[in-house]
Amino acid sequence: MSMKKLIWMFAALLVFTCTVAAQDQTPAQTTKTIQHAPIKATSPASGEEMYKTYCAVCHGTDGKGGGPAASALKVPPTDLTQLSKNNGGKYPGLKVSAAIRGEGDIPAHGTKDMPVWGSLFWTMSHGHEGEVQQRVANLTKYIESLQAK
């Protein structure tokens, strides 16, 4: 066998081996995971700041559910821009507030994927109910501003 044929056969074998190895990844190698981090304090007066700090990682900065962590979730994040549309054109502020507090019946709420912000806000405010209410109200109002027109 000539040296040229031997080199071509070796190159073909190498390409085949690399292709098989690339396709032979286990699900653990391709599965994304959510890394939990300590909650960062924000101003209770700024719904936008709270949204960008706490919500955008899953719901995206535009509220459409395409945040960087969204693909790692079992239940896709809700498109927050469609809440009014899906509620007959009226923004469901009470339902949103309840969901934030963890009082609503939201499948993803309260799981390891979606924290219940009400209890986290309570901890951040050291039990000051007025501050928790301010946080929930301002975050709810900011989410209202994201509604599709």
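Residues numbered from 1 in each chain as written. Predicted model: local features only at pLDDT ≥ 70, side-chain atom pairs only at ≥ 80, totals over all residues. Heavy atoms only, no water.

*Asks:* Run through helix 4 (residues 93-101), naming residues and quoting values.
*Replies:* Residues of helix 4 that are buried: Gly93, Val96, Ser97, Ala98, Ala99 and Ile100. Its buried side turned inward, helix 4 meets helix 5 (117-124) and helix 6 (129-145). At the C-terminal side of helix 4, Gly102 shows a positive phi close to 90°. (Buried < 20%, exposed > 50% of the residue type's maximum accessible area, 1.4 Å probe, protein only. Helix = DSSP H or I, 4+ residues; strand = E, 2+ residues; numbered from the N terminus. Contact = heavy atoms within 4.5 Å.)

*Asks:* Describe the side chain of Arg135, listing the residues and the values that go with them.
*Replies:* With respect to the helices and strands, Arg135 occurs in helix 6. With relative accessibility at 2%, the residue Arg135 sits in the buried group. With near-sequence residues (within four places) excluded, Arg135 lies in contact with Thr42, Ser43, Pro44, Met50, Tyr54, Phe121 and Met124.

*Asks:* Explain the environment of Gly47 residue by residue, including any values.
*Replies:* Along the chain, the position of Gly47 falls in helix 3 (residues 47-59). Here Gly47 falls in the buried class, since its relative accessible area comes to 8%. A sequence separation of 88 residues divides Gly47 from Arg135, and the C-alpha atoms of the two residues are 7.1 Å apart. Apart from the residues lying within four places of it in its own chain, the contact partners of Gly47 are Asn138, Leu139 and Tyr142.

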